[in-house]
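# Observations on the model geometry
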Amino acid sequence: LASREEHPEDTLIRLGTLEIGGRRPVVMAGPCSVEGRDALIDIALTLKHLGADVLRGGAFKPRSSPYSFQGLGEEGLKYLADARAITGMPVVSEVMEPQAVGLVAEYVDILQVGARSMQNYALLRAVGHSHRPVLLKRGFSNTVEEWLLAAEYILSAGNPNVILCERGIRTFETATRNTLDLNAVPVARYLSHLPVIVDPSHGTGYSRYVIPMARAAIAAGAHGLIVEVHPEPDKALSDGQQSLTPTEFRQMVSQIHKVHDAI
Ligand code: PEP
Ligand code: MN
């Protein structure tokens, strides 16, 4: 079902007036974690003004350490829904467990399956039964084939709206947090009709590398980007070092549109 052979046309995912998978690159942006209501609404208004299409923010966070901030849970989802009501922007947030899919789907427009969960087949089936589009991150140790098979679980459970997201893989390189595999963009687009977006925040791990890799992702044919933005990256409760400031985000948006217009 994910294969381009059976389905030669690109899949377009519609969310209100927004189209994901079409000519115009879609920009998803927001903090790594939802940290509080006022802070989320402030950044959401700023991002909307600067050209973001979708607001991101984690409420259930898959942290490497159990002692790190784990997210605000349902309270965070409520703040995301408030931010959507105020800005009109659709919201995306991660769901980590099959039992939580119903709850998260009540509040968000797009369900994110994180890199660590890409082969949680019970979760893939559960989001496959949901009516919400799914943003499926590539696992950091998974091949493109495994990623497309993960998409197949969701599609075969009845949900046709899957967005593939390349977010960097583990390699021997330590200068960056992950190695953003931009090969995966044309490869996934060749093999599949599903929209492909790129996360240069997790893909590099350092804010200084995010804008160049965002430009490269668009040049490689990505249908959009998902990036972390925080008003004060030094104070972020998670992933501050890879978060853009709003000023940097504005520069990124202007540059990716130039790249897009040139190709
Ligand atoms: C995130 O989007 O904040 C996140 C945890 O992403 P990933 O699953 O790619 O690590
Ligand atoms: Mn993050």
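Residues numbered from 1 in each chain as written. Chains lettered and ligands numbered in written order. Predicted model: local features only at pLDDT ≥ 70, side-chain atom pairs only at ≥ 80, totals over all residues.

If you check the shell around ligand 1, you find Cys32, Gly58, Pro62, Gly114, Ala115, Arg116, Lys137, Arg167, Asp199 and His202 and nothing else. Taken together, the residues of the shell around ligand 1 break down into 3 nonpolar, 3 polar and 4 charged. (Near = placed C-beta within 6 Å. Nonpolar A, V, L, I, M, F, W, Y, C, P; charged D, E, K, R; others polar.)

Core analysis: the biggest nonpolar cluster contains 78 residues, and Leu136, Ala151, Ile163 and Leu225 have the highest contact counts within it. Of the residues forming this core, the biggest block, 7 residues, is contributed by helix α5 (residues 144-156). Discounting chain neighbours no more than four positions away, the residues touching isoleucine 163 are Ile13, Ile20, Pro133, Val134, Leu135, Leu136, Leu194, Pro195 and Ile197. (Core = buried A, V, L, I, M, F, W, Y, C linked by C-beta atoms within 7 Å. Buried ≥ 20, exposed ≤ 12 C-beta atoms within 10 Å, placed from the backbone. Helix = DSSP H or I, 4+ residues; strand = E, 2+ residues; numbered from the N terminus. Contact = placed C-beta atoms within 7 Å.)

When you tally the buried positions in strand β8 (residues 162-166), you get 5 out of 5 residues, the bulk of the element. Direction of pairing for strand β7 (residues 134-137) relative to β8: parallel, over a ladder of 4 bridges. In the strand pairing of β8, leucine 135 is matched with isoleucine 163. After leaving β7, the chain enters α5 and then returns to the sheet as β8, a path that is right-handed. Pairing between β8 and strand β9 (residues 196-198): 3 bridges, direction parallel. Looking across to β9, one finds that cysteine 165 is bridged to isoleucine 197. (Pairing = 2+ DSSP bridges. Right-handed = clockwise from strand over helix to strand, strands pointing away.)

With that settled, consider α5. Its 13 residues place the ends of α5 18 Å apart at the C-alpha level, agreeing with the 18 Å of an ideal helix rising 1.5 Å per residue. Among all positions in α5, only Trp147, Leu148, Ala150, Ala151, Tyr153, Ile154 and Leu155 are buried. Buried residues in α5 make contact with α4 (121-128), β7, β8 and α6 (184-191). In the stretch just after α5, glycine 158 is the one whose phi turns positive, near 115 degrees. (Expected span 1.5 Å × (residues − 1).)

Attention shifts here to the UniProt feature "domain: DAHP synthetase I/KDSA" (unreviewed entry) in the chain. Mapped onto this structure's residue numbering, the UniProt feature "domain: DAHP synthetase I/KDSA" (unreviewed entry) falls at residues 21-262. Between the end C-alpha atoms of residues 21-262 the distance is 19 Å, and the span holds 40% helix and 14% strand. (UniProt positions renumbered as here; feature names shortened; annotations may be inferred.)

A few words now on the sheet that holds β7. Taken in spatial order, the 8 strands of this closed barrel run β3-β4-β5-β6-β7-β8-β9-β10, and their pairing is parallel. With direction set aside, neighbouring strand axes in the sheet form an average angle of 25 degrees. When β9 meets strand β10 (residues 224-228), the two strands line up parallel, connected through 2 bridges. If you follow valine 198 over to β10, its bridge partner there is leucine 225. Lying over the sheet, helix α2 (residues 74-87) contacts β4 (54-56) and β5 (91-94), oriented at roughly 170 degrees with respect to β5. (Axes fitted to C-alpha atoms, helices over the stretch in contact; angles between N-to-C directions.)

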